[in-house]
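Summary of the model geometry
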Amino acid sequence: MAGMAGFHERPKAELHLHLEGSVTPELMRELAPEVSAEEIRGRFAFRTFAGFLECYKWIVERLRCPEDYALVARRLLDSLAQQNVRYAEITISAGVVLWKKQEFAPIYHAVHREAARSTVTVRWNLDAIRHFGAEHAMRVAELAAEQVGNGVVSFGIGGDEERGPAEWFTDVYKFAKAGGLRLTAHAGETAGAESIWAALRLGAERIGHGIRAIDDAALLRHLRDQNIPLEISVSSNVATGVVDSLRTHPLRRLYDAGVPIVLNTDDPGLFNTTLEREYDLAASELGFSETELTQIVGNGFRYAFADSAGRP
Ligand SMILES: [Zn+2]
């Protein structure tokens, strides 16, 4: 695509990427051969955030054993390696593993083993589900803290911002920080700027999405001055209907306001995207220059939680 020559070859980093959301319809067929192609197509054809959450849950329910998770990790890591992604922080929905009443440790060991075989340097983020509440989130934070030094670098919350307000998780974030974890949070994706302020009060060092910051000039200044990046995923925001169209995505305005930006795929399997494609869209739909995108590529390494992320 015009202006983007060379971005395939460029070493890149992914900081907001869900393991379970990397499952493509084709991989779903392998994982659950009993499900018809038609049903899978239907499940992946969501148009709203609620529909997306349903699809995500449906996929995760079909990851039945550590080997299923390992297969998903293997395919994702192959894809990242092909795109010249050198470093990735991959989120595991540990909260959903607990909800399924599966043991987390064997699943973690299975995916961590896959990562050790990959050319991609991988660190893990464990994610709790906001609307499952604080007690649930604490169990996830405990699992994450147990694996500090063994590949897990951070803890975060995702899910429904309205039904799981950040205030619930103050003690959980304190615990996670004391346990040596870095902190992130999905916020300002489906809820407004106040949800981002609340995530910052928890101590979040990066914000997942955070696009509603565009509605609050004081927040934009705060993010810029405190050097707090937004993990932006353009295709995700369009697919879940939280923005109307690619062209109206606030990425350009957030960048112009001086907010640090990292580009990501979020759930590449569900949104039919790749990291390269996100860069292509920023160039073709939102007018980013090669120089600007080069800076954003650098941000992927600059804002990594692991010291060992390196710089190409
Ligand atoms: Zn996400």
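The structure reproduced in this document is the subject of the present report. None of the values given here were measured: they were computed from a predicted structure. (Residues numbered from 1 in each chain as written. Predicted model: local features only at pLDDT ≥ 70, side-chain atom pairs only at ≥ 80, totals over all residues.)

**Observations concerning the overall build of the protein chain**
The number of helices and strands found in the protein chain is 15 helices and 8 strands. Its C-alpha radius of gyration of 18 Å places the protein chain within 12% of the 20 Å reference for a compact globule of 312 residues. Reported as C-alpha extents along the three principal axes, the dimensions of the protein chain are approximately 45 × 45 × 35 Å. Within the protein chain, counting contacts between residues at least 6 apart in sequence, those at least 24 apart form 73% of the total. (Helix = DSSP H or I, 4+ residues; strand = E, 2+ residues; numbered from the N terminus. Rg over C-alpha atoms; globule rule 2.2 N^0.38 Å. Contact = placed C-beta atoms within 7 Å.)

**Topic: the pairing of strand β1 (residues 12-18)**
By the criterion of burial, β1 is predominantly enclosed, with 7 of the 7 residues buried. Bridge analysis of β1 against strand β2 (residues 85-92) gives 5 bridges, and the strand direction is parallel. Along β2, the bridge assignment pairs Lys12 with Val85. (Buried ≥ 20, exposed ≤ 12 C-beta atoms within 10 Å, placed from the backbone. Pairing = 2+ DSSP bridges.)

**Some remarks on helix α15 (residues 290-302)**
An α-helix turns once per 3.6 residues; consequently, residues spaced three or four apart project the same way. Between its first and last C-alpha, α15 extends 18 Å over 13 residues, near the 18 Å set by a 1.5 Å rise per residue. Buried within α15 are the following residues: Leu293, Ile296, Val297 and Gly300. Buried residues in α15, looked at end-on, bunch into an arc of 105°, giving them a common side. (Expected span 1.5 Å × (residues − 1). Arc of directions from axis to C-beta.)

**A look at the packing of helix α4 (residues 66-82) against helix α6 (residues 104-117)**
Viewed as axis vectors pointing N to C, α4 and α6 meet at an angle of 25°, and their least axial separation amounts to 8 Å. One finds that α4 runs roughly parallel with respect to α6. Where α4 crosses over α6, the two elements pack in a sense that is right-handed. The segment α4 lies against α6, with Pro66, Glu67, Tyr69, Ala70, Ala73, Arg74 and Leu77 engaging Pro106, Ile107, Ala110, Val111, Glu114 and Ala115. (Axes fitted to C-alpha atoms, helices over the stretch in contact; angles between N-to-C directions. Parallel < 35°, antiparallel > 145°, perpendicular 65-115°, else oblique. Left-handed = near helix turned anticlockwise from the far one by under 90°.)

**Here's the deal with the environment of Thr248**
One can find Thr248 in the loop between α11 (234-239) and α12 (251-256). Between the C-alpha atoms of Thr248 and Gly269, which are 21 residues apart in sequence, the distance is 23 Å.

**Observations regarding the nonpolar core**
Formed by 94 residues in total, the largest nonpolar core has its most connected members in Ala88, Leu126, Ala144, Ala199, Ala213 and Ile261. Residue contacts for Leu126: discarding those within four places in its chain leaves Ile92, Ala94, Val140, Leu143, Ala144, Val152 and Phe155. (Core = buried A, V, L, I, M, F, W, Y, C linked by C-beta atoms within 7 Å.)

**A few points about the sheet that holds strand β4 (residues 152-158)**
Pairing is parallel in the open sheet, where 8 strands are placed in the order β1-β2-β3-β4-β5-β6-β7-β8. Either end of the sheet is taken by a strand with one partner, and the two such strands are β1 and β8 (261-263). Recorded for the sheet is a direction-independent mean angle of 25° between the axes of neighbouring strands. Note that strand β3 (residues 121-129) and β4 share 6 bridges and pair parallel. Looking at β4, one finds that Ala128 is bridged to Ile157. Sheet contacts for helix α7 (residues 134-146): β3 and β4; angle to β3, the most-contacted strand, approximately 160°.

**Quick look at α7**
Between its terminal C-alpha atoms α7 stretches 18 Å, which fits the 18 Å expected from 13 residues at 1.5 Å a residue. Those residues of α7 that sit buried are Ala137, Val140, Ala141, Leu143 and Ala144. Looking straight down α7, one finds its buried side chains confined to an arc of 160°; they lie on one side. Tucked inside the fold, the buried residues of α7 contact α5 (94-99), α6, β3, β4 and α8 (170-178).

**Section: the environment of Arg64**
Relative to the assigned elements, Arg64 resides in the loop between α3 (49-61) and α4. For Arg64, a count of 12 C-beta atoms within 10 Å puts it in the exposed group. Here the alpha-carbon distance between Arg64 and Arg252, two residues 188 residues apart in the chain, equals 41 Å.

**Some details on the pairing of β4**
Taken across its 7 residues, β4 has 7 buried, putting it largely inside the fold. Where the polypeptide runs from β3 across α7 and back to β4, its parallel neighbour, the crossover connection is right-handed. Across 2 bridges, the pairing between β4 and strand β5 (residues 182-187) is parallel. Bridged to Ser154 within β5 is Arg182. (Right-handed = clockwise from strand over helix to strand, strands pointing away.)

**A word on unusual backbone geometry**
Where the residue is not glycine, phi is negative for most of them; where a peptide bond is considered, it is trans in most cases. One non-glycine residue, Asn84, lies in positive phi territory at about 65°. Mapping Asn84 onto the fold places it in the loop between α4 and β2. Its identity as a non-glycine residue notwithstanding, Asn272 has a phi of 50°, on the positive side. Along the chain, the position of Asn272 falls in the loop between α13 (268-271) and α14 (275-286).

**Some remarks on the packing of α7 against α8**
Orientation of α7 relative to α8, taken along the N-to-C sense of each, is 5°, at an axis distance of 9 Å. The orientation of α7 with respect to α8, classified from their angle, is roughly parallel. On α8, the residues that touch Ala134, Ala137, Met138, Ala141, Ala144 and Ala145 of α7 are Val172, Phe175 and Ala176. Across the contact of α7 with α8, the residue classes break down as 9 nonpolar, no polar and no charged. (Nonpolar A, V, L, I, M, F, W, Y, C, P; charged D, E, K, R; others polar.)

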